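Residue strings, one per chain:
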Amino acid sequence: MILSKKISVVVPCFNESDGIREFYKVITSVIENKYNYEIIVVDDGSKDHTLKIIRELAQEDNHIKYISFSRNFGHQNAVKAGLDHASGDAVISLDADLQHPPQLIPQLIDKWQEGYEVVYTIREEHESISLMKKMTSRFFYKISNSLSETKVEPGAADFRLLDRKVVDAIKQMPENYLFLRGIIAWVGFKQYAIKYKANERFAGESKYTFNKMVKFASTGITSFSTKPLKISIYLGTAFALLAFAFAIYALIIYAFTDNAIQGWASIVIGIMFFSGINLLMLGIIGEYLGKMFIENKRRPNYIVGETNIDGSR
Ligand code: UDP
Ligand code: MG
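Residues numbered from 1 in each chain as written. Chains lettered and ligands numbered in written order. Predicted model: local features only at pLDDT ≥ 70, side-chain atom pairs only at ≥ 80, totals over all residues. Heavy atoms only, no water.

1. Notes on the packing of helix H3 (residues 75–85) against helix H6 (residues 164–171)
For any two helices packed against each other, the geometry is given by the interaxial angle and the distance between the axes. Here is the rule: Structural elements are reduced to axes, namely lines fitted to C-alpha atoms, with helices fitted over the stretch in contact, and the angle between N-to-C directions of any two is expressed from 0 to 180 degrees. Segments assigned H or I by DSSP are reported as helices when at least four residues long, segments assigned E as strands when at least two residues long, and all are numbered from the N terminus. The crossing is said to be left-handed when, going from far helix to near helix, the turn is anticlockwise and less than a right angle, and right-handed when the turn is clockwise. Here, residues are in contact when the closest pair of their heavy atoms is within 4.5 Å. Charged residues are taken to be Asp, Glu, Lys and Arg, nonpolar residues to be Ala, Val, Leu, Ile, Met, Phe, Trp, Tyr, Cys and Pro, and polar residues to be all remaining types, Gly included.
Running from N to C, H3 and H6 cross one another at 120 degrees; their axes reach a closest spacing of 9 Å. Crossing of H3 against H6: the hand is left-handed. On the side of H3, the interface is formed by Lys80, Leu83 and Asp84, while H6 contributes Val167, Ile170 and Lys171. In terms of residue class, the contact of H3 with H6 is built from three nonpolar, no polar and three charged.

Rendered as structure tokens:
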């Protein structure tokens, strides 16, 4: 029996021409004849033949809807575009490289049917994930969760099911710097986590370059916490106290010994230290100021160059 409710599957794609057909085959075999569904493929400004292949797929199969960006706007914005255009009662987002096993989808849907409004997945650590990825991911969650009141579970992946209510809530958020994992943790609702083992990438290389990862982490932290701005208060106080103690020490040397005047080193060290802290804090403030500057422009998160979706819901 086919589930009468509609499921939208959102797939962000950036230069995935080698894997997208295989992805289509696998996902279709998992959901066809079981659900009433659409697959929204978001081409995030790919430079290879991804769009061409997506167009072909859309011709062959009318479950396929696509949105193609005018340039690369990043994975998070691609997922957001999918949410914006999805018409389903539940929306599932997952990667196009088969690292998020589509076989898990029926499980996500079952949990949704039980009444959970967000069913998200947690990547279990195992050998096939590179050490670099494991370390950076752990480090990121440690820092981010210690700074922010919105806690994101370590390993949380962008593979999740959202109920229509949650999608509508997220659609209302106008922020340019998207960190969906944080937003999901922030919106609340009844949530359920499923653990999974990530597969190897089916084809091609990771599209998350080191640069993109750093940007992603910085957005994750600075979009959900203003605590870094307060670091200056703690640092300033700590070092003021230290400087005060040092002054007393210098006075004692001056008053009770003959070793005074050798102060050059301490002055230089002091100047270097404090200008370092100044620069650090200016950098943090600049980071927030820059974000406010961009947010103030109220630019859209992405620009659609081509699509086969008429109107969105
Ligand atoms: N992706 C995207 N835009 C980007 C980078 C990645 O739409 O700028 C897509 C990519 O095609 C894939 C998903 O986001 O479907 C996750 O990317 P990837 O597998 O390269 O990241 P990793 O799994 O290595 O973290
Ligand atoms: Mg991947």
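Resuming the write-up.
2. Remarks on a nonpolar patch on the surface
Selection criterion: Only residues whose relative accessible area exceeds 30% and that form no salt bridge enter a patch; like-charged residues are grouped when within 9 Å of one another, and nonpolar side chains (Val, Leu, Ile, Met, Phe, Trp, Tyr) when within 5 Å. Accessible areas in this description were obtained via Shrake-Rupley with a 1.4 Å probe; residue shielding takes into account the shown protein chains only. Just to be clear on terms, a salt bridge is a Lys or Arg side-chain nitrogen sitting within 4 Å of an Asp or Glu carboxyl oxygen. Relative accessibility under 20% of the residue-type maximum defines a buried residue, over 50% an exposed one, and the middle range a partly exposed one, all with a 1.4 Å probe and only protein chains included.
Together, Phe244, Ile248, Ile252 and Phe256 give the surface a local cluster of nonpolar side chains, amounting to about 460 Å² of exposed area. Following the sequence through the fold, Ile252 ends up in helix H9 (residues 227–256). Relative accessible area serves as the criterion here: at 45%, Ile252 is assigned to the partly exposed category.

3. Some words on the site of ligand 1
What counts is decided by this rule: Here, proximity means that at least one heavy atom of the residue falls within 4 Å of the molecule or strand. Polar contacts here mean pairs of N or O atoms no more than 3.5 Å apart (in protein, one a potential hydrogen donor and the other a potential acceptor; neighbouring residues in sequence count only if both atoms are side-chain atoms).
In the neighbourhood of ligand 1, 18 residues make up the surrounding shell, with Glu16, Asp44, Asp97, Ser206 and Lys207 lying closest. One of the backbone N or O atoms of Phe14 is found 2.9 Å from an oxygen atom in ligand 1. Contact distances for ligand 1 include 2.6 Å between an oxygen atom and a side-chain N or O atom of Glu16. Taking 530 Å² as the accessible area of ligand 1 by itself, protein coverage stands at 93%. Along the lines of polarity and charge, the residues of the shell around ligand 1 split into five nonpolar, five polar and eight charged.

4. Some details on the packing of helix H5 (residues 131–147) against helix H8 (residues 210–222)
Under the convention used in this document: Orientation categories follow fixed angle ranges, with anything under 35 degrees roughly parallel, anything over 145 roughly antiparallel, 65 to 115 roughly perpendicular, and all other angles oblique.
Two numbers describe how H5 lies on H8: the axes approach to 9 Å, and their chain directions differ by 20 degrees. Taken together, H5 and H8 sit at an angle that is classed as roughly parallel. In the crossing of H5 with H8, the sense of the turn from one axis to the other is right-handed. Counting all contacts with H5, which are made through Met132, Lys133, Thr136, Phe140, Ile143, Ser144 and Leu147, the residues of H8 involved are Phe210, Met213, Ala217, Gly220 and Ile221. Looking at the contact of H5 with H8 residue by residue, the classes come out as eight nonpolar, three polar and one charged.

5. Considerations on the pattern of salt bridges
A complete count under the given rule lists 12 salt bridges for this structure. Between Glu114 and Lys111 there is a salt bridge, and its shortest N-O distance comes to 3.1 Å. With a relative accessible area of 18%, Lys111 lands in the buried category. Through salt bridges with shared partners, a single ionic network connects Arg21, Lys52, Glu56 and Glu60.

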